[in-house]
Amino acid sequence: MSRKLPAGTAARPPASKMPVRVAKLVRLRFGLPFARRGDAARLRDEWLEAVYQYRRAIEWLPWREDLKIQIGNCLRAFGDIEGALSAYHSVGSVAHRAAALAEAAEAHKLEGFRRHAFHVTAEAGELPVPINVQPLTVQASALPRRVKRYSGDARAMLGTLGDTSGVPRRFAGGAIAAVKLDQVGAMAMERDGVPEPLLCGVVALRGRVLSVMPVDHVELWCGSGVGEQLLMRVATRPSQLNRALKLQVFNLWFDSARLPPGRHWLSIKAGGRIEPAGLYVNVGVVEDGAKLAQSNAYVPSPPRPDEDCDTYVRELPALIRPARRSLFSRPVQSILAVRADQLGDVSASLPAFARLRALFPEASITALVQPGLRDIVEASGVADRVLTVTLDYDPSAERRCLREAEQARLVEMLNGGRFDLAIDLSPGDETRPLLLLCTAEVLVGFNSDRFAYLDFGISVRSRDKVNLLENVSHAKTVSMLIEALAIAAQPAMQNVPSLELGAAILSGYGLEHGKYVVLHTGARHPINRWPLQQYVELARRLLEKTMLQVVMFFDDADSKSKVASQIVQDGLRLCDKMPPASFDAILSSAGLVIANDSGPKHLAAVRGVPTVSLHVGRLNWNEWGQDGSGVIVSKRVPCAGCALNDVVLCGKEALCLTSITVEEVLTASEEALGLPAGTLR
């Protein structure tokens, strides 16, 4: 079928003699529309149309090797596995090669009987120039998959670790004027298999605007066409220049309760000259918000509908949580354990069932197995109740399926009881969706990277040196999931005290064991640093209210000089970098350590020192808060989990950390030391 180019589109890419910068802008101008049409066609499941558009885009944008992966995905969905594999194997860049090979591995599985991941074609093609002509000697220790040869840069074996030509993240994808949406709420749902944002409470829409001329604000719109409605306008924050383009960031906090529940089209606009960025979102209402108390990313709507979200969030009190914590927010009383497989699978899983019972001795365990194995599981004494599910085997497809009537029976049976934990013991993927048929609060299983609904999981893979198949017994593999769950369920990890008492080091600094407080003001990323002025005020208050000395550590001499000019008081020690042994000795012998989310707070906690961690919201507090002793201070903000290293891209100047008050840190210190409330205030 003949096709016409869009009006104004050149017949072919620009000539190579054109200046490089201008040529790239021209290529972007005419290539990006094809890429966007390919994305749109792919979302409509129009696979061949998407392939056509992506190929046209690559003619203009030959460096966009990610589009080759999309071509492979479309051909795979269409059923052309060989075409998909050719597309994947044509990817050569280090940045995209690993992703392409992962997709190729998935494509190989669809071919049914293929036992290899080699690229098979009809013609030989051109061989790359060999990097050497030495005999290929294979050492057994170099297996599996450690025998590597490269026709180009041998450092390619290091992947991105060996790539030193990275683009600053703040400018990633920023060659033309555009609105980039980096974060839309914190929750997600699936609609027809496609993820979409789920907005509940106060949500964040965070991103960047790249423009030729300054853009001082962006607007949030709901709907399209004649029914379009302006919801709010927020100022942008200028950042650095990227050649001809200016970078502005925005972080818009919006109460989703202003919209009726349901699906809406939201878009961010930055003036009439820049294409808006929009997407469909789903607005919901959380009925049992107390179950989300452990997450800082859920911010309930303000009491008053007209209340300013920024002010409301800023004034929320900091949360002070114990460092001793578990995967479970309450004792586990009821467990559903699934192993709906054959006799060998279930037999190999019986030790894991037994370990699960020992791990949760007070819990009632329900096993879900196939009907023919019920008596065997009951005779093993590893479950209080055994339920059955029938999965019919289709010999032609060589897989099992759950009939609709059996699904209805299973749902009715499972919903008769409440489970705190549901776990699928199968390392394979087939039975994982059965967990969705119960109402358990915590879902556990293998390969959580492939099943986004799991709350906890691990991936386990061992390899035979020759054929790459599994090399650890199935029973041990299944038990690994239970052992990982046991670690996640325990409140704290083991302390590792220092073997060196460091008395001489303490004496050199005029310190006595346990009679001083350490304030560590530094962190590798500036976004992690609680304001220095608040540390100064905290030091003053501690010196006034206690008989303890205060030792302040700084990452640089300038910060130390600033504090030295502001506070001169007996009992205060100002330190910058020192030998690791001295630092460890001072940290390990402190009566209390107050620090940012950085290495020193982890070292202090593992040494058994009461520790107050001032946690920035870029990563989850329950992942990177210290284990063991002390407390973790953090704030609930809608953009929690942004993963930003660069405070410039925040748009709120790290309010999640900077709005924690000195009073709140003193309260946390009282809890960490076990002092009565008000002792330090």
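Everything here concerns the structure above.
The paragraphs below set out a description of the structure included in this document.

The rules behind each value
- Residues numbered from 1 in each chain as written.
- Predicted model: local features only at pLDDT ≥ 70, side-chain atom pairs only at ≥ 80, totals over all residues.
- Heavy atoms only, no water.
- Helix = DSSP H or I, 4+ residues; strand = E, 2+ residues; numbered from the N terminus.
- Buried < 20%, exposed > 50% of the residue type's maximum accessible area, 1.4 Å probe, protein only.
- Core = buried A, V, L, I, M, F, W, Y, C linked by side-chain atoms within 4.5 Å.
- Contact = heavy atoms within 4.5 Å.
- Pairing = 2+ DSSP bridges.
- Axes fitted to C-alpha atoms, helices over the stretch in contact; angles between N-to-C directions.

**What about unusual backbone geometry?**
- Positive phi, close to 55°, is recorded for Asn-447, a residue that is not glycine.
- Secondary-structure assignment places Asn-447 in the loop between strand 18 (442-446) and strand 19 (456-458).
- Classification of Asn-447 by relative accessible area gives buried; the value is 9%.

**Concerning the nonpolar core**
- Ranked by size, the top nonpolar core spans 54 residues in total, and within it Leu-519, Leu-538 and Ile-594 carry the most contacts.
- Tallying contributions element by element places helix 12 (residues 532-545) first for this core, with six residues.
- Sequence-distant contacts of Leu-538, defined by excluding residues within four places in its chain, comprise Leu-519, Trp-530, Ile-594, Val-662, Val-665 and Leu-666.
- In this structure, Leu-373, Val-377, Ile-423 and Ile-458 belong to the second largest nonpolar core, which totals 33 residues.

**Digging into helix 14 (residues 580-588)**
- Among the nine residues that make up helix 14, seven are buried, leaving the element largely enclosed by the rest of the structure.
- Among all positions of helix 14, only Ser-582, Phe-583, Asp-584, Ala-585, Ile-586, Leu-587 and Ser-588 are buried.
- Residues of helix 14 that are buried sit in contact with helix 11 (503-508), strand 20 (516-520), strand 21 (549-553), strand 23 (592-596) and helix 15 (599-606).

**What to know about the sheet that holds strand 17 (residues 421-424)**
- Pairing is parallel across the open sheet formed by six strands, whose spatial order is 14-13-12-17-18-19. The open sheet terminates on both sides in strands that have one partner only, identified here as strand 14 (385-388) and strand 19. Across the sheet, the mean angle separating the axes of adjacent strands is 15° when strand polarity is ignored.
- Note: strand 13 (residues 364-369) against strand 14, four bridges, orientation parallel. Counterpart to Thr-366 in the pairing with strand 14 is Arg-385.

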